[in-house]
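Chain residues, written in single-letter form:
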Amino acid sequence: MQVVTKDELNNLLESSDTPVFVDYYADWCGPCKMLAPIIEKLAPEFEGKVKIVKVDIDDQEELAGEQNVRSIPTLIAYKDGKEHERIVGFQSEDALRKTLEGLS
């Protein structure tokens, strides 16, 4: 799964007709580590329907601030370049699948 920078995410949101699902995380975050394998498992299932990327908030502090990411993990779904849904905290595979199905 691709880890993106602020510029890469902005380009993706501006140019993509496909919904974008962003996992804002940090390497030191326990719940983020628990969530990562679930997202990696779901990514192939939604390939071509939803673009799933990750943002390391330690490397992209400015972007995290602009997106009002106050705690992690934060998952933000974007449709037509705008925030569509925000989920904060660990989520089950079923809950994430429902969110991704709602985007595709």
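Structure shown above.
The rules behind these values
- Residues numbered from 1 in each chain as written.
- Predicted model: local features only at pLDDT ≥ 70, side-chain atom pairs only at ≥ 80, totals over all residues.
- Heavy atoms only, no water.
- Buried < 20%, exposed > 50% of the residue type's maximum accessible area, 1.4 Å probe, protein only.
- Helix = DSSP H or I, 4+ residues; strand = E, 2+ residues; numbered from the N terminus.
- Arc of directions from axis to C-beta.
- Contact = heavy atoms within 4.5 Å.
- Phe/Tyr/Trp six-rings, centres within 6.5 Å; stacked < 30°, edge-to-face > 60°.
- Lys NZ or Arg CZ within 6 Å of the ring centre and 35° of its normal.

K.L.:
Looking at this structure, how should I read helix α4 (residues 93-103)?
P.N.:
Along an α-helix, a turn takes 3.6 residues, which lines up residues three or four apart on a common side. Turning to α4, its buried residues number three or more, namely L96, R97, T99, L100 and L103. Here the buried residues of α4 occupy an arc of 160° about the axis, which is enough to place them on one side. Residues of α4 that are exposed and point over 90 degrees away from its buried face: D94 and K98. Buried-residue contacts for α4 involve β2 (20-25), α2 (30-42), β3 (51-56), β4 (74-79) and β5 (82-88).

K.L.:
It is not clear to me how unusual backbone geometry should be interpreted in this structure. Could you clarify?
P.N.:
What is expected of a backbone is that most residues other than glycine have negative phi and most peptide bonds are trans. That bond from I72 to P73 is cis: its omega, -5°, falls within 30 degrees of zero. With respect to the helices and strands, the residue P73 is situated in the loop between α3 (61-66) and β4. You will see that N68, though not glycine, has its phi angle at about 55°, which is positive. The phi angle at D80 is positive, at roughly 55°, despite the residue not being glycine. Within the secondary structure, D80 sits in the loop between β4 and β5.

K.L.:
Is there a simple way to think about the packing of aromatic side chains in this case?
P.N.:
Any aromatic ring pair is given by two values, namely how distant the centres are and how the planes are angled relative to each other. As enumerated under the stated definition, the model contains 0 aromatic pairs in all. One cation-aromatic arrangement involves K54 over Y25; the distance from NZ or CZ to the ring centre is 4.4 Å.

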